[in-house]
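Reading the structure
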Amino acid sequence: MLAQPLRPPSALRIVVHLGLFVLGAVVAVAGALVQSGWFPGGLLLALAGAAGLFLGGSRATGGRAGAVAPAAGWMIAVVLLTASRPEGDFLFAAGAGSYLFLLGGMAVAVMCATLGQGRQPGGAAARLGK
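Conventions and cut-offs
Residues numbered from 1 in each chain as written. Predicted model: local features only at pLDDT ≥ 70, side-chain atom pairs only at ≥ 80, totals over all residues. Heavy atoms only, no water. UniProt positions renumbered as here; feature names shortened; annotations may be inferred. Helix = DSSP H or I, 4+ residues; strand = E, 2+ residues; numbered from the N terminus. Core = buried A, V, L, I, M, F, W, Y, C linked by side-chain atoms within 4.5 Å. Buried < 20%, exposed > 50% of the residue type's maximum accessible area, 1.4 Å probe, protein only.

Taking the UniProt record as the reference, the feature "transmembrane region" (unreviewed entry) is found at residues 12-32, 38-55, 67-84 and 90-113. The span residues 38-55 carries 94% helix and 0% strand; its end-to-end C-alpha distance comes to 24 Å. Measuring from the first to the last C-alpha atom of residues 67-84 gives 28 Å, for a span that is 89% helix and 0% strand.

Laid out in structure tokens, this is it:
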């Protein structure tokens, strides 16, 4: 079972991962707005929402790629939101809450991608030697 050749992913799997990528970007934008609005509670809410999306994506797809796709969308959106515009506008202030959101979100993404379910062969469980 494990020595089978690799097959390209199905169209449904690609669509699901692209949807998770876009959802990760949406959660990043919502978290960026919430974390500064209600500082201690908003930060925890934003990180919990990101963790729920990353871990939920992993569980829904049955693999670690389900956590990596929304994490990639989250990271790209946050990096784009941190850049200041020529007019001087920016979304993140230079405070502890913003840094905790950025670094905490990255740590949550790594934890959820690491703890996500790896691909397991199907079939009945068996012990060697039987």
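Core analysis: the biggest nonpolar cluster contains 20 residues, and Phe-54, Trp-74, Val-78 and Phe-101 have the highest contact counts within it. Listed by contribution, the elements that provide at least two residues to this core are helix H1 (11-37), helix H2 (39-61), helix H3 (65-82) and helix H4 (96-115). Tallying contributions element by element places H2 first for this core, with six residues.

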